[in-house]
Structures are given as structure tokens and as C-alpha cells.
Amino acid sequence: MNQADEHNLGDFSDLDNGELTVCEVGALEILLCRVEGKLYAIEDNCSHADTPLSEGRLSGFQINCPLHGASFDVRNGAHSGPPAYTGVRCFKINENDLGVTVKIENEKSQSEEGPQTGFFQTR
Ligand code: FES
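Residues numbered from 1 in each chain as written. Predicted model: local features only at pLDDT ≥ 70, side-chain atom pairs only at ≥ 80, totals over all residues. Heavy atoms only, no water.

### Remarks on the overall build of the chain
So, point 1. Of the regular secondary structure elements, the chain holds one helix and nine strands.
So, point 2. Starting at the N terminus and ending at the C terminus, the chain contains elements arranged as β-β-β-β-β-β-β-β-β-α.
So, point 3. In the chain, which comprises 123 residues, the share counted as buried stands at 41%.
So, point 4. For the chain, contacts bridging at least 24 residues in sequence account for 45% of all contacts bridging at least 6.
So, point 5. Carbon and sulfur atoms form 44% of the exposed surface of the chain, whose accessible area is close to 6800 Å². (Helix = DSSP H or I, 4+ residues; strand = E, 2+ residues; numbered from the N terminus. Buried < 20%, exposed > 50% of the residue type's maximum accessible area, 1.4 Å probe, protein only. Contact = heavy atoms within 4.5 Å. Areas by Shrake-Rupley, 256 points an atom, 1.4 Å probe, with all protein chains shown as cover.)

This is the structure:
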């Protein structure tokens, strides 16, 4: 069984389409962005060389890493190819009148049962 902790992130109703922000949950930095009216959350760390994706450019559902240009789909964390070889973690979020909550599976349950979504290898 997966273990997931739910965390309150606050109110992001003022985050417009095409905008992004970063939230910290413990040592984890989470990139939150809104695309076509919906909020998405991925880990704010490029899988290639530990660079904050939040410093990159959001274009539609793709966020481009500012360092070497790998792109990741904010809907599932999947990467589009090299130089990244894996996707990034993607988190389930819930937005309602009380704000935004994020579910974070612990690393142990992810490694035992595979990533939540959005990971694939190119080699
Ligand atoms: S650090 Fe992101 S593509 Fe290299």
C-alpha cells in the first residue's frame, strides 16, 4: 500500500494561467503552475543536473529547463528526451475553496512500487 502525506499549500487562486510559483514542503521544492485553468505540481528539480525548473520557461504544458533545455510535461512529469533521461516527480493536488493540498508519497513507497507517474527512460 502506498503511503502518502497530504500537505496544505495555501491559496493559489490568484495564480493565473501560464504563471508558476514554488512551494516548500520539508526539503522538497514543488513547482506549482496553472495551465488552462488547472493547477499542476511537479518537483522543482531537473532530473538531469539538479537545476530548478521554476527558473525555466513554461510554454503550454511544457516547462523547459533553463540550463540545457530538457522539457517536462507538468501534467505527469514526463520528459521529452535528452539531455534528461528520466522524468521528474509529479504530485496529485486538490484545489478547492479552502486552498490547495498536495499528496506526497514517501520515497520508500515510490521505490517499492514504482514512480507515481510520468517517468520513462530513454536509454
Ligand atoms: S540541468 Fe536541466 S537539462 Fe541539464
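### Things to note about the nonpolar core
So, point 1. Core analysis: the biggest nonpolar cluster contains 17 residues, and Cys33, Val35, Ile42, Leu53, Ile63, Phe72 and Val74 have the highest contact counts within it.
So, point 2. Elements with a minimum of two residues in this core: strand E3 (28-35) and strand E4 (38-43).
So, point 3. For this core, the element with the highest residue contribution is E3, accounting for three residues.
So, point 4. The contact partners of Val74, leaving out residues within four places of it in the chain, are Cys33, Val35, Tyr40, Ala41, Ile42, Leu58, Phe61, Ile63 and Cys90.
So, point 5. Counting 14 residues, the second largest nonpolar core, distinct from the first, contains Phe12, Leu15, Val25 and Leu39. (Core = buried A, V, L, I, M, F, W, Y, C linked by side-chain atoms within 4.5 Å.)

### Digging into a negative patch on the surface
So, point 1. Together, Asp11, Asp14, Asp16 and Glu19 give the surface a local cluster of negative charge.
So, point 2. You can see Asp16 is positioned in the loop between strand E1 (4-10) and strand E2 (20-25).
So, point 3. What makes Asp16 partly exposed here is its relative accessible area of 45%. (Patch = residues over 30% accessible without salt bridge, like charges linked within 9 Å, V, L, I, M, F, W, Y side chains within 5 Å. Salt bridge = Lys/Arg side-chain N within 4 Å of Asp/Glu carboxyl O. Lys, Arg positive; Asp, Glu negative; His and termini not counted. Charge placed at Lys NZ, Arg CZ, Asp CG, Glu CD.)

### Section: the sheet that holds strand E7 (residues 71-73)
So, point 1. Spatially, the three strands line up as an open sheet ordered E5-E6-E7, and their pairing is antiparallel. Looking at which strands have only one partner, the edges of the open sheet turn out to be strand E5 (57-59) and E7. Mean inter-strand twist for the sheet, computed between neighbouring axes without regard to direction, equals 25 degrees.
So, point 2. Where strand E6 (residues 62-64) and E7 come together, three bridges link them in antiparallel fashion. (Pairing = 2+ DSSP bridges. Axes fitted to C-alpha atoms, helices over the stretch in contact; angles between N-to-C directions.)

### Details of the pattern of salt bridges
So, point 1. One pass over the full model with this rule turns up two salt bridges.
So, point 2. Here Arg34 and Glu95 are joined by a salt bridge, their closest N and O atoms 3.0 Å apart. Of this pair, Arg34 sits in strand E3 while Glu95 sits in strand E8 (residues 90-96); the two residues are 61 residues apart in sequence, bridging distant segments of the chain.
So, point 3. Put simply, Arg75 and Asp73 hold a salt bridge, and the shortest N to O gap is 2.9 Å.
So, point 4. In this structure Asp73 comes out as buried when scored by relative accessible area, which is 10%.

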